[in-house]
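Below are the chains, spelled out letter by letter.
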Amino acid sequence: MRLLTREALLSFRRAPLLSTLSVTTIGFSLFTLGLFGLVAINLREALRGLEERVEVVAFVLRGTPAETITLATQDIAAFPEVEDVVYVTEEQALARARRELVEFRDAYRDLQVNPLPASIEVRLKAGYRDAATAARVAERLRGFEFVEDVRFGRDWVQKLDHLRNITGIVGLVIGLAFAAVAVVIIGVTIRLTLLQRAREISIMRLVGATNWFIRGPFLLEGALKGLMGGFLSLLLCYGGYLLFRDRSGGTFGGLIFFHPVQMAAIVVFGVLLGLFGSLVSVGRHLRHV
Amino acid sequence: MIRLTHVDKSYPNGALALRDVTFRISRGEFVLLTGHSGAGKSTIMKLLFAEQRPTSGEVRVSGYDVTSLRRDEIPKLRRRLGIVFQDFRLLDDRTAAENIAFALEVTGARRDTINARVARVLAQVGLSAKSRAHPRELSGGEQQRVAIARALVNDPAILVADEPTGTLDERATRGVFQLLRDINAAGTVVVMATHDLDLVRQARYRTIELRDGSVVYDSAEDEPDAVEAGR
C-alpha cells in the first residue's frame, strides 16, 4: 500500500505540468456540470414554490345550505390527493377581493349586492400537484350537485409539468455529455503519463509485475486527480455562485448552494471519473505492450 | 530446466525467425548462444521469458510451458528468471539500490527482506559503495552490474542475458563475464546470447550457434568433452 501511494504520488512530482493540466481539466469539466446542477436545484426550488400554489377551486351555487357544504368538505378532505380544504364564504370572498384587488377597491365598496360566489379551495399534496391529478380532482368536485363551476388553471399546471420534464431531460443529457468529455480527457492525460512511463512499465513487466500491480498506481493517480478536480470544481462553483448572487442586485438573493451530500456526490463523481478514465486507458495500453 | 522442441517462429510479415530449433539445457549449465545479427538469438531469449510465443513446437522453461502459458502466469515465470539486457534497462531517476529493490517490490516482499537482499546482491556484484548512485553516475560496466544484481535479487533458477557485454569495453566485459561465471558456479543456470567470438573461444562453455534461425552447431552434441572441460 505504501509502495502504491508512493508510486502514484511520484507521478505528480515527475510530471507536475501534466498533472496540473489533468486536475484543471477535470475541475473545469465538473465545474460545468456543477453549474448546471446549481441551475437545476435552484429551478427545482423555484418550481416547488409554484407547485404549492396549484389548487382546485369549486364555486358553490348560491343558497346551498352550510351543512351540505360542511359534509362535502369532510368528504373532499378524505381524498387521497388532497392536503387541505378551505371553505370561503361569499362574504370572505368579497373581503379578500377588496383586500387583494386594489384596482377594483372602489367598485367593490359601492356594491349593493355581493356578486362573488362562495367557493371550496382544495390544495393538493406534494407529489400530486400535476395537471392529470388536478383534472381528476376537478372532475370529482363537479359531481357534487351544488358545485356550479370548477377551475384549476389547467394551462399553467400543464406548463409547469412540461417545464419540470424538460429541465430533467436537458439536465440529464448535458450532464452525461460533460461526464463523457471528462472521461475522455482523463483517459488522454493518463495515456500521456503512460507513454511517458512506457519504459518503466516494460521493466516492471520484465521483473515479474502483475498487470494489477502495474495498474494500481495509475488507478490511484486517476482517483487522486478526480478528487482534486472535484474539489476544484466545488471551489469554482462556489465562486460562480457568490458572484452571481451578489452581482444580481438582490434579484437572485434567494439562490441556494449545494447541500453537503450533493457536494460529496460531486467529489465522489470526480473520483469515479478519474478511476474509470485510468482503467480504460491503462487496460488499452497493457494490451498493446 | 529449459527444453525447446522443434520450435518454429515466424512473424506476421512472414519472416521466419526460427526454424525447427531443438535443444535442452540442464541444471547447472552455462550456455552461450552465438550467431550473427538476425540469426535468431534474441528471438530465443524472448521465448524463454515469454515475451513471444512459438508459432509451432514446444518451449518449456523451469516447469512452465511457454506455448500455452496464460497471461496471468507470465509474471510467475518471470519471477523465477533473472533477465539482463545489453542496454541495462535501469530507471534513471532511481538509485542503484532502488533499481534493485524495484524487482522485489513488485513481488510484494517485505521492506526488511528487501533491504537485506539488496545489500547482499550489491556486495555480490561489488557495488556496495555505490548503492546510492544514480545510473548516470555509473560507468557502463557498473550499470550492467546493477542490472545483474537486479536479476539476481529474486534468487532465480535461470539467468537469461541478451548480449550483456555488447556495449562494454574489454575490461568491463571481462568483469561482467567473470561475475556471470561466479553466479553459475553458485548453481544458477546461465543462458547468454553473444556475438563476441573471443569470449566464446576463451570460455569453453557449451556453445549453441545459430544461423538463419536454425541451430548449426551445439558443442554438447559435437564435442561433449570440450563442454565438460569448460565446467
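Residues numbered from 1 in each chain as written. Chains lettered and ligands numbered in written order. Predicted model: local features only at pLDDT ≥ 70, side-chain atom pairs only at ≥ 80, totals over all residues. Heavy atoms only, no water.

All right, on to empty space enclosed by the protein then. A probe matching the size of a water molecule, rolled over the atoms, marks out where space remains unfilled. Under the definition given, this model contains 1 cavity of 30 Å³ or more. In terms of lining, the largest cavity is formed by 13 residues, of which the most central are Leu206(A), Val207(A), Ile83(B), Arg150(B) and Ala151(B). Contributions of two or more residues to the lining of the largest cavity are made by helix 8 (198-206) of chain A together with strand 6 (81-85) and helix 5 (140-152) of chain B. Per-element tally for the lining of the largest cavity: the top contributor is strand 6 of chain B, with 4 residues. By residue class, the composition of the lining of the largest cavity is 8 nonpolar, 2 polar and 3 charged. (1 Å grid on protein atoms, 1.4 Å probe; cavity = no way out; pocket = protein on both sides within 12 Å on 5 of 7 lines; lining within 4 Å. Points joined across faces, edges and corners; volume = space filled by probe spheres on them. Helix = DSSP H or I, 4+ residues; strand = E, 2+ residues; numbered from the N terminus. Nonpolar A, V, L, I, M, F, W, Y, C, P; charged D, E, K, R; others polar.)

A few words now on the interface of chain B and chain A. If you look at the interface, chain B gives 20 residues, while chain A gives 19 residues. With both sides pooled, the region where chain B packs onto chain A buries about 1700 Å², and carbon together with sulfur makes up 54% of that total. The interface formed by chain B and chain A holds 4 residue pairs in polar contact (both at pLDDT 80 or more) in total. Contributions of two or more residues to the side of chain B that touches chain A are made by helix 2 (74-79), strand 6 and helix 3 (96-105) of chain B. Looking at side-chain class alone, the side of chain B that touches chain A contains 9 nonpolar, 1 polar and 10 charged residues. (Contact = heavy atoms within 4.5 Å. Buried area = accessible area lost by both parts, 1.4 Å probe. Polar contact = N/O pair within 3.5 Å; in protein donor to acceptor, adjacent residues only side chain to side chain.)

A few words now on the sheet that holds strand 8 (residues 189-193) of chain B. All names here are of chain B. Pairing is mixed in the open sheet, where 6 strands are placed in the order 6-7-8-3-9-10. Pairing within the sheet leaves two strands with one partner each, and these edge strands are strand 6 and strand 10 (214-218). Taken pair by pair, the neighbouring strands of this sheet meet at an average axis angle of 20°, ignoring direction. Bridge count for strand 3 (residues 30-34) against strand 9 (residues 206-211) is 4 bridges, and the pairing is parallel. Note on strand 9: the bridge partner recorded for Val 31 is Arg 206. (Pairing = 2+ DSSP bridges. Axes fitted to C-alpha atoms, helices over the stretch in contact; angles between N-to-C directions.)

Core analysis: the biggest nonpolar cluster contains 62 residues, and Phe30(B), Leu32(B), Ile100(B), Ile148(B), Phe177(B), Leu180(B) and Met192(B) have the highest contact counts within it. Those residues in contact with Ile100(B), other than ones at most four positions away along the chain, are Val118(B), Val121(B), Leu122(B), Val146(B), Ala149(B), Arg150(B) and Val153(B). Membership of the second largest hydrophobic core comes to 34 residues, among which are Leu206(A), Leu4(B), Ala193(B) and Leu210(B). (Core = buried A, V, L, I, M, F, W, Y, C linked by side-chain atoms within 4.5 Å. Buried < 20%, exposed > 50% of the residue type's maximum accessible area, 1.4 Å probe, protein only.)

For the structure on display, the rule yields 28 salt bridges over all chains. Its salt-bridge partner being Glu200(A), residue Arg94(B) comes within 3.1 Å of it at the nearest N-O pair. One end of the pair, Arg94(B), is in the loop between strand 6 and helix 3; the other, Glu200(A), is in helix 8, on a second chain. The exposure class assigned to Arg94(B) is buried, which follows from its relative accessible area of 5%. Residue Glu200(A) is classed as buried on the basis of its relative accessible area, which comes to 6%. In this structure, Glu142(B) and Lys130(B) form a salt bridge, with 2.7 Å as the shortest nitrogen-oxygen distance. A residue pair is termed long-range when its members are at least 10 positions apart, and Glu142(B) in helix 5 and Lys130(B) in the loop between helix 4 (111-124) and helix 5 qualify at 12 residues. When its relative accessible area of 18% is taken as the criterion, Glu142(B) is described as buried. (Salt bridge = Lys/Arg side-chain N within 4 Å of Asp/Glu carboxyl O.)

Residue and element names in this part refer to chain B. Reading across the sheet, the 4 strands line up as 2-1-4-5 and stay open at both edges, with antiparallel pairing between neighbours. The two strands at the open ends of the sheet, each matched to only one other strand, are strand 2 (16-25) and strand 5 (64-65). Packing against the sheet, helix 1 (residues 41-48) makes contact with strand 1 (2-10), strand 2 and strand 4 (56-61), and its axis sits at approximately 60° to strand 2.

As a further point, take the packing of aromatic side chains. Residues and elements named next belong to chain A. Enumeration over the complete set of coordinates arrives at 10 aromatic pairs over all chains. Ring geometry for Phe 144 and Phe 146: centres 5.6 Å apart, planes at 35°, overall tilted. Both residues of the pair, Phe 144 and Phe 146, count as buried. Ring centres of Tyr 238 and Phe 257 lie 4.9 Å apart, and the angle between their planes is 80°; on these two criteria the pair is classed as edge-to-face. Remark: Phe 257 occurs in the loop between helix 9 (211-247) and helix 10 (260-288) and Tyr 238 occurs in helix 9; sequence separation between them is 19 residues. On the accessibility criterion, Phe 257 (17% relative accessible area) is buried. In this structure an aromatic cluster arises from ring pairing among Tyr 238, Tyr 241, Phe 257 and Phe 258. A cation sits over an aromatic face here: Arg 140 above Phe 79, 4.4 Å from the ring centre. (Phe/Tyr/Trp six-rings, centres within 6.5 Å; stacked < 30°, edge-to-face > 60°. Lys NZ or Arg CZ within 6 Å of the ring centre and 35° of its normal.)

Residue and element names in this part refer to chain B. Partitioning chain B into domains gives domain 1 (1-80 + 159-231) and domain 2 (90-155). For domain 1 and domain 2, the distance between their C-alpha centroids amounts to 24 Å. Listed as interface residues are 10 residues of domain 1 and, on the opposing side, 12 residues of domain 2. Taken together, both faces of the contact between domain 1 and domain 2 bury some 920 Å²; the carbon and sulfur share is 72%. When the buried area of domain 1 at its contact with domain 2 is split by residue, Arg 79, Leu 179 and Ile 183 rank highest and sum to 51% of it. On inspection of domain 1 and its partner domain 2, the count reaches 2 residue pairs in polar contact (both at pLDDT 80 or more). By residue number, the principal contributor to the side of domain 1 that touches domain 2 is helix 6 (residues 170-185), which donates 6 residues. (Domains from an automatic or database assignment.)

Residues and elements named next belong to chain B. Where helix 3 meets helix 4, the closest approach of the two axes is 9 Å, and the angle between their N-to-C directions is 130°. If you check the angle between helix 3 and helix 4, you find them oblique. Crossing handedness for the pair helix 3 and helix 4: right-handed. Residues Ala 97, Ile 100, Ala 101, Leu 104 and Glu 105 of helix 3 pack against Arg 111, Ile 114, Arg 117, Val 118, Val 121 and Leu 122 of helix 4. When its residues are assigned to classes, the contact of helix 3 with helix 4 shows 8 nonpolar, no polar and 3 charged. (Parallel < 35°, antiparallel > 145°, perpendicular 65-115°, else oblique. Left-handed = near helix turned anticlockwise from the far one by under 90°.)

Moving on: the packing of helix 3 of chain B against helix 5 of chain B. All names here are of chain B. Axis separation between helix 3 and helix 5 bottoms out at 8 Å; the angle between their running directions is 30°. Here helix 5 runs roughly parallel to helix 3, going by the angle between their axes. Along this stretch, helix 3 crosses helix 5, giving a crossing that reads as right-handed. Touching Ala 96, Asn 99, Ile 100 and Ala 103 of helix 3 are Val 146, Ala 149 and Arg 150, all from helix 5. For the contact of helix 3 with helix 5, a count of residues per class yields 5 nonpolar, 1 polar and 1 charged.

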